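# Coordinates in review
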Amino acid sequence: MRFRHWHLSTLLAVATLGAAVQADAAWLDNRYYMGSECVPVGYTSQGSSIVSAGGIRNGGTTTQGYYCPLRHYTSSYWTDDIAVYVLDRHYSEDAWCQVRAANPYGLSYSYTSKKYTSGSDTLAQKLSFGYFNSGNAWWYVACELPGTYSGSASAIHAYYSQDIDRG
């Protein structure tokens, strides 16, 4: 009998401690995406192609828009850190990205300010959106890449999201 009582009280203590730790803990979910998960928007997408590193590039001569999906679970309010790695190869036009939210009907109703690349480069530039409340919505990244410049194409190499449940 004494063993059973000790065993039962130990189980209750461990279960109580586990519940208390779980109630205070927030969890973190990091997600990395290849740029090839982005889809061209509109009718001028014939210049888009996947690059060997898994990114997507605009090989056309005109500006091209892209939507890049974000996957996360939205049962309450969340805080996200989102960043996009963009290669801007155009001499005089910058690429830009923006994080947007859509409702179940597909209508955009919330978005961040646009982040722009700073001049052309041979390395991808990180456009970071920091932390913000994302709420219960479907979020995606919208980007616009300039057309080719002297045969060099701009690209979305990768993007990243970090979900934190602070609830």
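Described in the following lines is the structure provided in the data block. Worth saying up front: this structure is predicted, and the values here are computed from it rather than measured.

### Quick word on the pairing of strand β7 (residues 96-102)
- Burial analysis of β7 places seven of its seven residues in the buried class, the great majority of the element.
- Inspection of the sheet shows β7 paired to strand β9 (residues 115-116) by two bridges, in the antiparallel sense. By the bridge assignment, Trp-96 is partnered in β9 with Tyr-116.
- Summarising the sheet, β7 and strand β11 (residues 138-145) pair through seven bridges and their orientation is antiparallel. Directly across from Cys-97, in β11, lies its bridge partner Cys-143.

### Examining the state of the cysteines
- The tally for this structure, following the rule as stated, stands at two disulfides.
- Sulfur-sulfur distance for the disulfide between Cys-38 and Cys-68 comes to 2.0 Å. Linking Cys-38 and Cys-68, the disulfide has an S-S dihedral of approximately 105° and is accordingly described as right-handed. Of the two residues, Cys-38 is situated in the loop between β1 (27-34) and β2 (39-41) and Cys-68 in strand β5 (residues 64-69); the sequence distance between them amounts to 30 residues.
- A relative accessible area of 0% means that Cys-68 is categorised as buried.

Definitions and limits used
Along each chain, the written sequence defines residue order, and numbers are assigned to residues from 1. Note on the predicted model: pLDDT of at least 70 is required for a residue's local features to be given, and 80 or more for side-chain atom pairs to be given and counted; whole-chain, interface and lining totals, by contrast, use all residues. The basis for every side-chain value is the complete set of non-hydrogen atoms in the structure, without hydrogens or water. A simple rule labels every residue: compare its accessible area, found with a 1.4 Å probe on the protein chains alone, to the largest value its type can have, and call it buried under 20%, exposed over 50%, or partly exposed in between. Counting from the N terminus, the helices are DSSP H or I runs at least four residues long and the strands are E runs at least two residues long. The pairing criterion is simple: DSSP has to find at least two bridges between the two strands. Disulfides are defined as pairs of cysteine sulfur atoms found within 2.5 Å of each other.

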